[in-house]
Amino acid sequence: MLFGTENLEKQKAELRQEMDVVSGMIQDAINENARVALNQEDFKRRYESLAKRFDETKAKYDSVCTDIDGRRIRQATVEQFLTDLKKRDELLTEFDAELWHSLVDFATVYDAEDIRVTFKNGKEV
């Protein structure tokens with residue numbers, strides 16, 4: 001559930017379909033302009049409107065793809081950590097730098113009272 005991408009994959013497919021539709025509309029407008037004498041100001045407005053729609057949809061698509069990739073990377077990182085942890089024969093009783101590095105992405109020190117640790121799954125404490 002933490003790393004699920006089902007909803008994002010659905011959104012990605014919908015955005016891809018929207019991009020295909022708008023791309024087809026752009027191509028149709030260009031073809032019509034090549035075949036028929038159109039008012040070029042009207043054509044330009046129509047083309048720019050479609051291009052803007054495509055660019056906005058593409059930006060959303062790219063963002064969703066980035067989110068999906070991020071979740072998959074975090075999942076792989078956490079799974080690797082759990083695999084490493086399961087390989088241990090005994091309880092952890094002292095600091096282990098290797099284990100620390102496999103769990104923690106980075107720590108940010110704002111001051112002596114405010115230290116934040118960001119884990120590889122994106123959680124911050």
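If you're wondering where the values come from, they're calculated on a predicted model, not measured in any experiment.

(A) Summary view of the side chain of Thr-57. Position of Thr-57 relative to the elements: it lies in helix 2 (residues 40-86). For Thr-57, a relative accessible area of 8% puts it in the buried group.

(B) The arrangement of the nonpolar core in detail. Within the largest apolar cluster, seven residues are counted, these being Leu-8, Leu-15, Met-19, Tyr-61, Val-64, Cys-65 and Ile-68. Among the secondary structure elements, those contributing two or more residues to this core are helix 1 (6-35) and helix 2. Take this core: its biggest share by element is four residues, from helix 2. Each residue touching Leu-15, except ones within four places of it in the same chain, is listed here: Thr-57, Lys-60, Tyr-61 and Val-64.

(C) Just the environment of Leu-99, in detail. Within the element layout of this structure, Leu-99 appears in helix 3 (residues 97-103). Along the primary structure Leu-99 and Phe-81 are separated by 18 residues, whereas in three dimensions their C-alpha atoms are 7.7 Å apart. The residues touching Leu-99, leaving out its near neighbours within four places in the chain, are Phe-81, Leu-85, Arg-88 and Leu-92.

(D) Up close: the packing of aromatic side chains. By the definition in use, this model includes two aromatic pairs. When the ring of Phe-95 is compared with that of Trp-100, the centres are 6.0 Å apart and the planes differ by 50 degrees; the resulting orientation is tilted. Trp-100 sits in the partly exposed class, given a relative accessible area of 36%. Here the guanidinium or amino end of Arg-16 rests over the ring plane of Tyr-61, the centre of that ring lying 5.8 Å away.

(E) Focus on the environment of Tyr-61. The residue Tyr-61 is located in helix 2 in this model. When the C-alpha atoms of Tyr-61 and Glu-14 are compared, they prove to be 9.0 Å apart, with 47 residues separating the residues in sequence. Once residues lying within four places of it in the same chain are set aside, the contact partners of Tyr-61 are Lys-12, Leu-15, Arg-16 and Met-19.

(F) Summary view of the pairing of strand 2 (residues 114-119). As paired strands, strand 1 (residues 104-111) and strand 2 are joined by six bridges and run antiparallel to one another. Counted as the bridge partner of Ala-107 is Val-117 from strand 2. What sits between the antiparallel neighbours strand 1 and strand 2 is a turn of two residues.

(G) Structural view of the confidence of the model for the protein. On average, the protein scores 89 in pLDDT, and the residues at 70 or more come to 98%. The weakest mean pLDDT in the protein belongs to helix 3 at 80; the strongest belongs to helix 1 at 96.

(H) Focus on the pattern of salt bridges. Evaluated as defined, the whole model comprises eight salt bridges. With a closest N to O distance of 2.9 Å, Arg-46 and Glu-32 form a salt bridge. One end of the pair, Arg-46, is in helix 2; the other, Glu-32, is in helix 1, and 14 residues separate them in sequence. A relative accessible area of 38% means that Arg-46 is categorised as partly exposed. Residue class for Glu-32 comes out partly exposed when judged on its relative accessible area of 27%. A salt bridge links Arg-45 to Asp-42; the shortest N-O distance between them is 2.4 Å. Linking Arg-45 with Asp-42, this pair stays in helix 2, spanning three residues, or about one helical turn.

The rules behind these values
Residues numbered from 1 in each chain as written. Predicted model: local features only at pLDDT ≥ 70, side-chain atom pairs only at ≥ 80, totals over all residues. Heavy atoms only, no water. Helix = DSSP H or I, 4+ residues; strand = E, 2+ residues; numbered from the N terminus. Buried < 20%, exposed > 50% of the residue type's maximum accessible area, 1.4 Å probe, protein only. Core = buried A, V, L, I, M, F, W, Y, C linked by side-chain atoms within 4.5 Å. Contact = heavy atoms within 4.5 Å. Phe/Tyr/Trp six-rings, centres within 6.5 Å; stacked < 30°, edge-to-face > 60°. Lys NZ or Arg CZ within 6 Å of the ring centre and 35° of its normal. Pairing = 2+ DSSP bridges. pLDDT = per-residue confidence, 0-100. Salt bridge = Lys/Arg side-chain N within 4 Å of Asp/Glu carboxyl O.

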